[in-house]
Every structure is written in C-alpha cells, then in structure tokens.
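So the chains spell out like this:
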Amino acid sequence: MALISTLKAKKGQPSLPHRKRALHLNFSEMGSGWKIFAKRRWKFLIFCLALAALLEIFIFNLPFWDTLSASPSFETLSPSNTQGLAMDSKNEAKKAGRDVIEPQVNIDLKSQTPIKFVRLIENQGIENTPGMQYRVVSYLEGSSDPHPSNYWQLLNPSCPTSLYINTSGAYKHIQIQVRADPGKLFVFYGAVINPRVPFDASPLRILLMLLFIILALFLGPSSPLYRLDLDLRSLFQISLIVLSTLLLMAFYVGIWYIFEARRIYVGDGGGAPYEVYDILAKSLLHGRLSLDYPVNPQLAALKNPYNYAAWHAIWEHPGKSGMTVYWDCAFYHGKYYCYFGVIPALLLFVPFALISGGRSLPTADAALIFSLLSLVSLTLLVFKVAKDRLKECSPGSCLLVTWICAIGCGLFFEVFQADTYAIPITCSFFFTFFGLWCWEMSKRRKKGLPHINSWWAFFGSLFMASNLGSRPQFEIASILAIAIFWRSVFKDRSLFSKRSILPSIFICLPYFFVFPLLLVYNHARFGSPFTFGNTYQLTVYDVEKEKWPKMGTLSILYYYLFEPASLQAAFPFVFEPLPNLQVWQWEGPWIGGLFSALNPAFFFLFLVPWTFSRRRKADTVSVLKDEGYGVYSARRGLISLMGLTLFWLFLAALADSYLAGLMQHYVCDFGAPTALLFIVGVLPLLSLTDSNSHYMQWGYLLRLLLFSALLYSILFHFFACFVNAGDGDIFNQIPRLFFHVKNWFLFLD
C-alpha cells in the first residue's frame with residue numbers, strides 16, 4: 001500500500017509519514033505528519049468553513065433577512081376573528097351543551113400584502129401549557145376553499161421561539177388552527193402579521209456543523225488517511241486515533257448533556273425504577289439482597305401480584321398506607337428484588353458508595369460511564385482486528401468503521417435515554433468488546449512459537465463471563481472463542497495441551513467461579529439457581545402465565561432489523577411508526593429497524609459473501625495476514641468468526657423478539673454483534689478496494705457511500721431524540737430545547 005499511496009499522491013507533494021520500525025517519542029515525526037496533512041487539506045477546510053458560514057448566516061437565518069424590511073401589523077384576537085373558542089374546562093363545555101373532545105381555535109388573518117410569518121402573542125405570567133398544536137390553512141384570492149397544510153406542528157406558549165409561524169408568504173388570507181387538550185386555556189390575545197424575525201446564531205447548530213466538517217476533513221472519501229498503511233508505532237497515527245476517540249466520546253457526552261439525561265431520569269417517583277441500581281448497592285452494603293422499598297400491604301396480600309390489573313389498581317389508589325407499587329422490579333415473598341444483573345452494581349455503584357461515604361451515583365451518570373468505556377473498547381477492537389488480521393489497511397478505513405459502528409449499533413439511544421434499562425446493556429457492551437480485545441491480545445509468539453498469554457486470556461474470559469450477571473444476551477458472544485482460539489487448540493497446541501496447562505486453566509477459571517457465584521446469588525433470592533427474577537417482575541403482563549404467540553416473533557424480528565425509517569417534511573423529520581404486530585406483544589417507543597433506519601451502512605454486510613466468494617478467493621487472501629498457517633487458513637478463520645458472530649446476532653434478536661417484545665433499548669443486544677460483523681467483514685472489503693488495482697475504481701464510491709451513511713445516521717439519531725414518544729419525550733421534558741432546534745427550520749414552509 002505504500003507504493004500505491006505514493007502513486008496516488010500528487011506530483012511534488014510530500015506523502016504522510018508511515019512505517020516506523022519501533023515506537024519512539026519522535027514528536028518531530030508526529031509534527032511533520034500533521035503539517036503535511038494540513039498542507040493537503042487546507043483548501044477543503046476553507047471550503048467547508050465557508051459553506052458552514054453561508055448556511056448559518058443566510059439559510060438558517062433566512063427568515064431574518066426575509067423580514068428585515070417587513071411592516072408588522074398587530075391583530076387583537078376576539079370573537080370577530082376567531083371561531084370555536086376553546087372551553088376552559090370540560091364542565092364549562094357541558095354547561096354550554098357541547099362535548100369538547102379536542103378544543104380548537106381558528107384564527108382568521110387577512111392582509112393587503114402576502115403573509116409570510118405570524119407571531120402569536122401570549123398572555124404574561126402563564127404557566128407551562130404543553131399539548132398545543134397548530135397548522136396553517138390557506139385561501140386563494142377570491143376563493144373560500146381552504147387548503148390546509150399537511151402536518152400539525154407542536155406549540156408551547158411558554159417558549160417564545162415556538163410562537164413564530166411560517167405561512168409560506170403566498171397568500172393574503174390565512175387561517176391558523178390551534179388545538180389543545182381538553183381543559184387547556186386559550187392563552188393568546190393577539191397576533192403580529194409579518195413580524196421581524198430576530199437573527200439567531202445557535203451554538204448547538206454551529207457545533208453540529210463543526211462535527212460534520214471534522215468528519216469530512218478526516219473521513220471524507222478523498223481523505224489522505226485512506227492512502228496510508230496502518231502503523232500503530234507511528235505517533236502521528238496514534239494521535240489520530242486518540243483524537244478520534246476523544247471526539248466520539250465528546251459527542252456522546254454532548255448528547256447526554258443537552259438532552260439532560262441526568263435530570264430526567266432521577267429518583268423513583270411514581271414507582272419508576274430509575275435508581276434501582278443505587279438502591280441495590282445500598283442494600284448489598286447493608287447485607288441485604290432485597291431492595292429497601294416499602295411494600296404496600298395490599299400488594300403483599302394479593303394471591304397473584306403479577307397480574308397487571310391487580311397491581312396497577314393499587315399503584316393508582318395506594319390506600320391508607322400511601323405506599324406506591326415499584327413496577328419493573330421482581331416481587332417475591334413480600335419483598336422487592338432487582339431482576340437486572342447485579343455485576344454493574346458491584347462494579348460501579350458499590351465502590352462509588354464506599355468511596356463517597358454513602359452518596360448515590362445517579363443512574364444516568366453510570367450509563368454514560370459504561371457507554372464511554374464501550375466506545376474505547378470498540379475502538380481498541382477495530383484496530384486490533386485490522387493490525388492482526390489484515391496485511392494492508394488504512395487508518396482512515398479503521399476510523400470510518402469505528403464511527404459507523406459506534407453511532408449505529410444502538411449505544412446512542414442508551415446515552416440519550418440513560419435510565420436503569422441502559423445500565424446492564426452498556427455494561428455488557430463494554431464487557432464483550434473489551435473481553436474480545438483481551439482474547440485477541442492473548443495470542444502471542446514466544447521463542448518463535450505461538451503462545452497464549454495467561455493473564456490476557458484470564459481477563460478476557462472474566463469480562464465475557466461477567467455478562468451473565470449483567471445482560472445475559474451478551475453471554476452468547478462467548479462462542480466466539482471457538483473461532484478465535486481454534487488454531488491455538490487444534491493446530492499449534494498452545495491451549496489445552498501438556499505444554500499449555502497454565503493458559504488453559506486461566507482461560508477457563510473465570511467461568512468456573514463467576515457462573516457458580518451468580519447461581520448461588522439467584523438461589524439465595526428466589527430459591528432456584530436458574531431463576532434470575534424476570535418471571536417475578538411487576539410489568540404490563542404476567543410473565544409466567546401470559547405467553548406471547550410464537551408467530552409474533554418473526555414480525556418483531558422484521559421491525560428490529562428492517563423496519564424502514566418513518567420520515568416527514570416537518571420537524572423533527574422523524575416520527576414514530578405504528579407497528580402492526582397482528583398478535584399481542586409488548587410495544588415500546590419505536591423509530592425504525594437497525595439496518596433500514598438506524599444505520600444503513602450495515603447493508604454493506606450483504607457484500608461480505610461477494611468479497612469472500614470462491615471466485616475472489618485469491619484477491620481476498622492478498623489483503624489477509626498470514627498467521628503462520630497460510631493466508632487461506634486466515635481466510636477460513638475470518639469466515640468462521642463471521643459465521644459465529646452471525647449466529648450470535650440472530651440468536652440475540654430472536655431472544656429479544658420472543659421474550660421481551662419491541663423496545664428501542666433492546667436494539668443494542670443485536671446491534672453489538674452486527675457492529676462486530678461489520679468490523680471483520682467490511683474492513684477487508686475496504687482494504688481490497690484500496691490495494692487491488694482491479695477493484696480500486698470502486699474504492700472512492702464505497703467510501704463515499706459509507707461516509708454518507710454515517711452522516712445520515714448521526715442526523716437520524718439526533719432528530720429521533722425529538723420524536724414525541726416515550727419517557728424521554730423532549731417536547732414535554734425540555735420544551736425550550738425542542739423549540740430551539742425546531743426554530744432552526746423556520747425557513748421551511
């Protein structure tokens with residue numbers, strides 16, 4: 001690849017440094033690398049910055065320039081220009097002899113000039129009144145036929161940015177229809193026709209555009225990073241990897257911060273188990289296995305407390321005790337238990353309580369910590385696979401694959417909705433990828449012979465075995481040891497042989513003490529080592545008695561993997577589709593399938609059979625590294641690893657589809673194996689198109705499509721956060737953020 005990169009470089013232009021024999025603190029090499037990179041990309045950087053400035057000043061602020069010379073006129077809202085005044089309450093509606101299901105006010109506005117924008121004027125001192133919507137109805141000149149817009153859009157009188165309405169500017173007579181929930185007051189007393197819209201320089205929008213500029217600069221299809229040989233002994237490339245990882249982590253911290261995950265998911269108000277892990281940690285420190293939740297006597301007296309109607313009636317009317325019901329906890333013999341895995345509590349919550357003197361670690365903070373550790377472990381594994389299994393691979397390809405997997409594997413939603421359910425999932429994601437990295441690190445050579453490092457193997461197995469005590473679906477990943485250590489067991493005998501007794505003991509030991517301890521923990525709580533508590537949970541159905549139809553599994557599997565994105569022309573451009581499962585099964589908030597909506601880059605996995613087909617066997621092995629048994633053996637090893645990963649993917653997806661129903665949180669269970677499959681399947685394809693002259697003509701197109709899919713995935717996930725559904729509903733929880741971002745697109749009709 002060094003020769004190819006030299007040929008691709010422009011004449012007289014220096015190539016980026018690569019290939020050092022050993023890692024030295026050669027900061028001049030790192031400095032020269034950044035200097036050459038800047039020299040190659042400064043024109044593109046200036047173009048991107050200029051484009052971003054034009055978008056910020058003239059496109060997103062088009063309403064400001066459009067109304068700069070406007071002549072505002074004020075209209076007082078009264079019965080003369082409104083119809084269907086909203087009732088103050090249901091009782092008043094009954095007194096008037098009307099049934100108010102959805103109160104609506106129709107505001108008629110006329111002007112001598114076309115009406116471009118309208119600003120509603122709210123009464124001062126009003127309280128937060130969410131639940132209001134509006135749409136614009138237009139009338140052609142000289143006609144009384146209404147032409148309503150296609151979408152009802154959200155409105156909140158307490159957020160001034162939501163009160164500007166784009167009316168398209170083509171009509172002199174319009175009607176603004178405002179509707180609200182029953183019992184809501186109509187809080188507007190006037191409207192300004194063609195107001196002057198203020199200039200808005202949004203820091204959040206600027207940061208998002210800067211992120212896209214940085215990604216385009218380094219990972220765009222023409223980036224010089226694709227013409228380098230991966231060399232983890234080069235300080236320039238190491239600095240690139242570190243900066244990319246820090247930027248990825250900063251992006252997730254920013255999502256966590258701006259959507260206020262810590263504020264939303266705090267406390268156990270109303271019986272929601274948002275802090276159950278903290279309660280579990282405090283109970284363990286006090287020598288108890290049950291949760292320190294007060295039990296309502298009515299709940300304890302029920303013959304079948306797992307019946308939803310029974311416990312929900314107590315939750316709504318607690319009686320004299322005033323004690324609520326803590327749902328989504330296991331309830332057994334009059335005590336509450338945590339049916340989520342205990343290991344995250346032991347790993348993070350208990351040490352935090354000990355160090356801090358008994359203070360509580362917020363659940364959202366813990367979810368963020370595990371997510372950031374997951375990003376680090378994902379990055380480590382990507383570069384380990386590229387270094388050990390590929391003869392030629394560029395740092396640009398590795399970074400592009402890392403970003404695609406990190407954004408589209410399901411972690412984004414766990415950070416956005418950082419509640420209790422995110423803790424075991426993000427913890428096991430970290431365990432799995434870090435454990436796989438440790439297993440890969442354990443494969444060494446000693447005195448020219450293959451050798452397994454005992455400690456790396458031990459820690460790899462320890463992390464993998466710990467999945468049973470966190471998120472059991474991830475325990476399926478342990479089968480990947482078959483592909484990773486197959487040659488170590490059956491070829492070079494560096495495992496499970498007379499000369500490898502110590503590594504063999506160390507790689508098995510964690511499973512023999514982690515699993516029994518977890519089974520003893522289960523027996524101490526529920527009287528059975530194989531009962532994790534999920535059958536005793538207080539949820540929307542009786543887990544033990546109400547079995548879901550098996551036919552619903554396939555439909556949910558389709559929704560999980562291939563449900564198309566539901567897009568619209570109005571903010572937030574994404575809406576929640578209505579699943580039609582045909583049979584009854586649990587349905588949570590849902591925005592689309594893993595492949596079709598969240599990460600279309602994963603569709604390139606369907607090119608893996610083409611890449612590793614017999615017809616292209618010679619081409620494929622040309623980019624694989626000989627691990628001592630020939631490149632064809634390396635090819636078979638990679639295919640077996642992908643086959644077992646595919647088995648993990650479908651088994652996890654089927655388990656979630658049959659046992660858990662449809663919920664956005666669970667995407668990470670099978671998003672993780674999909675990400676691993678993408679790493680080991682697409683990296684060779686990128687390497688092939690970068691190094692083989694026969695396929696090089698497709699390299700630019702492949703990188704362009706993958707980079708475009710990455711940008712789409714970031715935008716889709718960002719706007720999906722504003723979908724009006726679920727516990728993390730931003731419209732109701734953080735209305736100022738919702739309407740701040742909605743106002744970015746005021747220039748759209």
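Residues numbered from 1 in each chain as written. Predicted model: local features only at pLDDT ≥ 70, side-chain atom pairs only at ≥ 80, totals over all residues. Heavy atoms only, no water.

1. Let's talk about the overall build of the protein
Alright, step 1. Scanning the protein from N- to C-terminus turns up 28 helices and 14 strands.
Alright, step 2. Taken over C-alpha atoms, the radius of gyration comes to 29 Å for the protein, in line with the 27 Å a tight globule of 749 residues would show.
Alright, step 3. Dimensions along the principal axes, computed over C-alpha positions, put the protein at roughly 95 × 80 × 50 Å.
Alright, step 4. When the 749 residues of the protein are sorted by exposure, 56% land in the buried category.
Alright, step 5. Long-range contacts, defined as pairs at least 24 residues apart, comprise 77% of the intrachain contacts of the protein with a sequence gap of at least 6.
Alright, step 6. When the accessible surface of the protein is totalled, it reaches about 32800 Å², and 63% of it is carbon and sulfur.
Alright, step 7. Charge-centre separation for the protein: the mean point of 63 positive side chains lies 14 Å from the mean point of 47 negative side chains. (Helix = DSSP H or I, 4+ residues; strand = E, 2+ residues; numbered from the N terminus. Rg over C-alpha atoms; globule rule 2.2 N^0.38 Å. Buried < 20%, exposed > 50% of the residue type's maximum accessible area, 1.4 Å probe, protein only. Contact = heavy atoms within 4.5 Å. Areas by Shrake-Rupley, 256 points an atom, 1.4 Å probe, with all protein chains shown as cover. Lys, Arg positive; Asp, Glu negative; His and termini not counted. Charge placed at Lys NZ, Arg CZ, Asp CG, Glu CD.)

2. Quick notes on the environment of Thr167
Alright, step 1. Here Thr167 lies in the loop between β8 (164-166) and β9 (173-179).
Alright, step 2. On the basis of relative accessible area, Thr167 is assigned to the buried category, the value being 2%.
Alright, step 3. Once you skip the residues sitting within four places of it in the chain, Thr167 turns out to touch Ile115, Lys116, Phe117, Val118, Val136 and Ile174.
Alright, step 4. One polar contact links the side chain of Thr167 to the main-chain carbonyl oxygen of Ile115, over a distance of 2.6 Å. (Polar contact = N/O pair within 3.5 Å; in protein donor to acceptor, adjacent residues only side chain to side chain.)

3. Observations concerning the sheet that holds strand β1 (residues 73-76)
Alright, step 1. An order of β1-β10-β4-β8 is seen for the four strands of this open sheet, with the pairing classed as antiparallel. Because the sheet does not close on itself, it has two edges, and the strands there are β1 and β8. Taking each pair of neighbouring strands and ignoring which way they run, the sheet shows an average axis angle of 25°.
Alright, step 2. Bridging between β1 and strand β10 (residues 188-193) involves four bridges; their strand directions are antiparallel. Note that in β10 the partner of Thr76 across the bridge is Gly190. (Pairing = 2+ DSSP bridges. Axes fitted to C-alpha atoms, helices over the stretch in contact; angles between N-to-C directions.)

4. Some points on the side chain of Thr363
Alright, step 1. Inspection of the secondary structure assignment puts Thr363 in helix α12 (residues 363-389).
Alright, step 2. Overall, the relative accessible area of 0% leaves Thr363 in the buried class.
Alright, step 3. Of the polar contacts made by the side chain of Thr363, one reaches the backbone oxygen of Tyr274; its length is 2.5 Å.
Alright, step 4. Not counting the four nearest positions on each side in its chain, Thr363 is found in contact with Tyr274, Glu275, Ala418, Asp419, Thr420 and Ile423.

5. A closer look at the nonpolar core
Alright, step 1. Core analysis: the largest hydrophobic core is formed by 205 residues, its most contacted members being Tyr336, Phe678, Ile679, Leu706, Phe718 and Phe722.
Alright, step 2. The dominant element in this core, judged by the number of residues it contributes, is helix α25 (residues 667-691), at 15 residues.
Alright, step 3. Beyond its immediate chain neighbours, meaning those up to four positions away, Phe718 contacts Leu204, Leu208, Ile255, Ile258, Phe259, Phe412, Val741 and Trp744.
Alright, step 4. Core analysis: the second largest hydrophobic core is formed by 22 residues, Leu109, Ala180, Val187 and Phe188 among them. (Core = buried A, V, L, I, M, F, W, Y, C linked by side-chain atoms within 4.5 Å.)

6. Re the side chain of Ser461
Alright, step 1. The residue Ser461 is located in helix α16 (residues 454-465) in this model.
Alright, step 2. Setting aside residues no more than four positions away along its own chain, Ser461 makes contact with Trp439, Ile507, Pro510 and Tyr511.

7. Side note on the packing of helix α11 (residues 343-356) against helix α15 (residues 422-442)
Alright, step 1. The geometry of α11 relative to α15 is characterised by a closest axis approach of 10 Å and an angle of 90° between their N-to-C directions. By the angle between their axes, α11 is roughly perpendicular relative to α15. Contacts between α11 and α15 involve Ile343, Pro344, Leu347 and Phe349 on the former and, on the latter, Ile423, Pro424, Cys427 and Phe431.
Alright, step 2. Considered class by class, the residues forming the contact of α11 with α15 number eight nonpolar, no polar and no charged. (Parallel < 35°, antiparallel > 145°, perpendicular 65-115°, else oblique. Nonpolar A, V, L, I, M, F, W, Y, C, P; charged D, E, K, R; others polar.)

8. Regarding helix α10 (residues 308-316)
Alright, step 1. Of the positions making up α10, those classed as buried are Trp311, His312 and Ile314. An end-on view of α10 places all buried positions within 155° of arc, on one side of the element.
Alright, step 2. Among the structural elements, α9 (297-301) are those in contact with the buried residues of α10.
Alright, step 3. A side-chain oxygen of the first residue of α10 lies 3.1 Å from the backbone nitrogen of Ala309; this N-cap is Asn307. (Arc of directions from axis to C-beta.)

9. Comments concerning the packing of aromatic side chains
Alright, step 1. For the coordinates displayed, the defined rule picks out 76 aromatic pairs.
Alright, step 2. Here Arg179 stacks its cationic end above the ring of Trp152, 3.8 Å away from the centre of that ring.
Alright, step 3. Across from the ring centre of Tyr226, 4.8 Å away, lies the NZ or CZ of Arg703, which sits over that ring. (Phe/Tyr/Trp six-rings, centres within 6.5 Å; stacked < 30°, edge-to-face > 60°. Lys NZ or Arg CZ within 6 Å of the ring centre and 35° of its normal.)

10. Details of the environment of Gly267
Alright, step 1. Checked against the element boundaries, Gly267 lands in the loop between α7 (261-264) and α8 (276-285).
Alright, step 2. Residue Gly267 is classed as partly exposed on the basis of its relative accessible area, which comes to 22%.
Alright, step 3. Separated by 13 residues in the primary sequence, Gly267 and Gly254 have C-alpha atoms spaced 22 Å apart.
Alright, step 4. When residues no more than four places from it in sequence are discounted, the contact partners of Gly267 are Ala272, Tyr274 and Glu275.

11. What to know about the pattern of salt bridges
For side chains bearing opposite charge, pairing can occur when the charged atoms are close.
Alright, step 1. All told, the structure shown has 15 salt bridges when counted by the stated rule.
Alright, step 2. Between Arg205 and Glu56 there is a salt bridge, and its shortest N-O distance comes to 2.8 Å. Linking Arg205 in helix α5 (residues 203-219) with Glu56 in helix α2 (residues 27-59), this pair joins segments that are 149 residues apart in sequence.
Alright, step 3. Taking the shortest distance from any N to any O, the salt bridge between Arg119 and Glu122 comes out at 3.7 Å.
Alright, step 4. Judged by its relative accessible area of 13%, Glu122 falls in the buried class.
Alright, step 5. If you follow the salt bridges from partner to partner, you end up with Glu260, Arg263 and Arg736 in one network. (Salt bridge = Lys/Arg side-chain N within 4 Å of Asp/Glu carboxyl O.)

12. Things to note about the state of the cysteines
Alright, step 1. Enumeration according to the criterion identifies zero disulfides in this entry.
Alright, step 2. Not engaged in a disulfide, the cysteine Cys508 finds its nearest cysteine sulfur in Cys438; these two sulfurs lie 16 Å apart.
Alright, step 3. Here Cys721 stays unpaired: no disulfide links it, and the sulfur of Cys409, its closest cysteine neighbor, is 14 Å away. (Disulfide = S-S within 2.5 Å.)

13. Notes on the confidence of the model for the protein
Alright, step 1. Confidence in the prediction of the protein, expressed as mean pLDDT, is 87, and 90% of residues score 70 or more.
Alright, step 2. Contacts from residues 1-13, a stretch scored under 50 in pLDDT, to residues over four places away or in other chains number 16 contacts.
Alright, step 3. A low-confidence stretch, residues 86-93 (pLDDT under 50), is modelled with 16 contacts involving residues beyond four sequence positions or located in other chains. (pLDDT = per-residue confidence, 0-100.)

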